Amino acid sequence: MTYEEFADARLSALLRYAVMLTGDPHQAQDLVQETMVRVQLNWRRVARSDAPERYVRRMLTNQFIDWRRGSWARRVLLRGEPDEAVPVPTDHAQSAVDRDQIWSWLSQLPRRQRATLVLRYYEDLPDAEIAEILGCAVGTVRSCISRALATLRAEYVEVHS
Amino acid sequence: MIEDDLRAAFARHEALTPPAGPLRAAIDRTVVRRRRRRLRVRLAGTAMAVVAAALTGFTVAAPQHREAGHLLADPAAAAPAPAGAVNVLLVGGVGNAPRQVRRADRAGGGGVGVVWK
């Protein structure tokens, strides 16, 4: 498989996955662009792997988790972080805000937990595959999902009580 | 229940996904830029390595000019013994020098030069 074939077949799916990870289409584009540039520059290594798509998904996930962990010279903050106390609505209509509460709670989760939830509930991957993508043990994946769901449930209970 | 809400939220937000066409073009442009930058860095590194190797080679292989001095005590000197008077220049300290210096002088630390004339 060539890089062009891979990009034609999988770029849209990777972009959707990145939107679920970041929660923002612009950040998703940046994330996919950076990842796919590295994929194209190192295509021989990617193509040699057993499953190139899984390899690229792993690269993308790690890039998302390590987004701010790089050198200080590469950090570019063009806008401030949203105030954690005030969830940022994605729609002006109140009904949409209510409906998207879970989306804003997701954005407050640690990145690894959010990635785990996306891989489980959006990509429907089994624990073993999630563990392979995240480079951790299956038990770690389960505890990560459990903690993330507990956080979301606590938020849910707090709002609806 | 929260799991179902999560699935529903993900499904709703699929509509946020931007089109892939412009992104593909941006990726290709960035790759071209980075390949050029890599090539420039590689060429600069190669040029520096070549210059360093040339300098090292010149330093090692260049002929070194040493002028052999004519010394009285040099047994290898093939100069004929002077037939006339010999002027000898002695270089050394005088009596006002500190004590330690005088001692060093006595122990052979001072310099004595001999000049043929």
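For the structure, see preceding data.
Residues numbered from 1 in each chain as written. Chains lettered and ligands numbered in written order. Predicted model: local features only at pLDDT ≥ 70, side-chain atom pairs only at ≥ 80, totals over all residues. Heavy atoms only, no water.

1. Brief notes about the overall build of chain A
Rules: Numbering goes from the N terminus for both helices and strands, where a helix is a DSSP run of H or I of at least four residues and a strand is a run of E of at least two. Any residue under 20% of the maximum accessible area for its type is buried, any over 50% is exposed, and the rest in between are partly exposed; the area is computed with a 1.4 Å probe on protein chains only. The contact criterion used throughout is that any non-hydrogen atoms of two residues lie within 4.5 Å.
Per the secondary structure count, chain A includes nine helices and zero strands. Taken across its 161 residues, chain A has 40% of its residues classed as buried. Of all intrachain contacts in chain A linking residues separated by at least 6 positions in sequence, the fraction that spans at least 24 positions is 62%.

2. Quick notes on the pattern of salt bridges
When charged atoms on two side chains of opposite charge get close, those side chains can pair. Residues and elements named next belong to chain A. Rule in force here: The salt bridge criterion pairs a side-chain nitrogen of Lys or Arg with a carboxyl oxygen of Asp or Glu, the two atoms within 4 Å.
The final tally for this structure, using the stated rule, is 11 salt bridges over all chains. A salt bridge links R54 to E132, with the nearest nitrogen and oxygen atoms 3.3 Å apart. Residue R54 is found in helix α4 (residues 52-65), and its partner E132 is found in helix α8 (residues 127-134); the two are separated by 78 residues along the sequence. Through salt bridges with shared partners, one network takes in R10, E53, R57 and E123.

3. Focus: the interface of chain A and chain B
Just so we agree on the cut-off: The quantity reported as buried area is the accessible area (1.4 Å probe) lost by two parts once they are put together, taken as the sum for both. Here a polar contact is recorded for every N or O atom pair within 3.5 Å, except that within protein the pair must consist of a potential hydrogen donor and a potential acceptor, and residues adjacent in sequence are included only if both atoms are side-chain atoms. Any residue outside Ala, Val, Leu, Ile, Met, Phe, Trp, Tyr, Cys, Pro, Asp, Glu, Lys and Arg is labelled polar, Gly included; the first ten of those are nonpolar and the last four are charged.
Across the boundary between the two partners, chain A contributes 37 residues, which contact 26 residues of chain B. For the pair chain A and chain B, the summed buried surface comes to about 3,100 Å²; carbon and sulfur atoms form 68% of the total. Among the residues of chain A in contact with chain B, A:L41, A:I102 and A:Y121 are the three that bury the most area, contributing 20% of the side total. At the junction of chain A and chain B, the tally comes to four salt bridges. Note that B:R7 and A:D124 form a salt bridge whose closest N and O atoms lie 2.7 Å from each other. The tally of links from chain A across to chain B stands at six residue pairs in polar contact (both at pLDDT 80 or more). Contributions of two or more residues to the side of chain A that touches chain B are made by α1 (3-22), α2 (25-41), α6 (101-108), α7 (111-121) and α9 (138-160) of chain A. The residue inventory of the side of chain A that touches chain B, partitioned by class, reads 21 nonpolar, seven polar and nine charged.

4. Examining unusual backbone geometry
Excluding glycine, residues mostly have negative phi values, and the peptide bonds linking residues are mostly trans. All names here are of chain A. Here the phi dihedral of D124 falls at roughly 55°; this positive angle occurs in a residue that is not glycine. Examined against the element boundaries, D124 turns out to sit in the loop between α7 and α8. Owing to a relative accessible area of 52%, D124 belongs among the exposed residues under this scheme.

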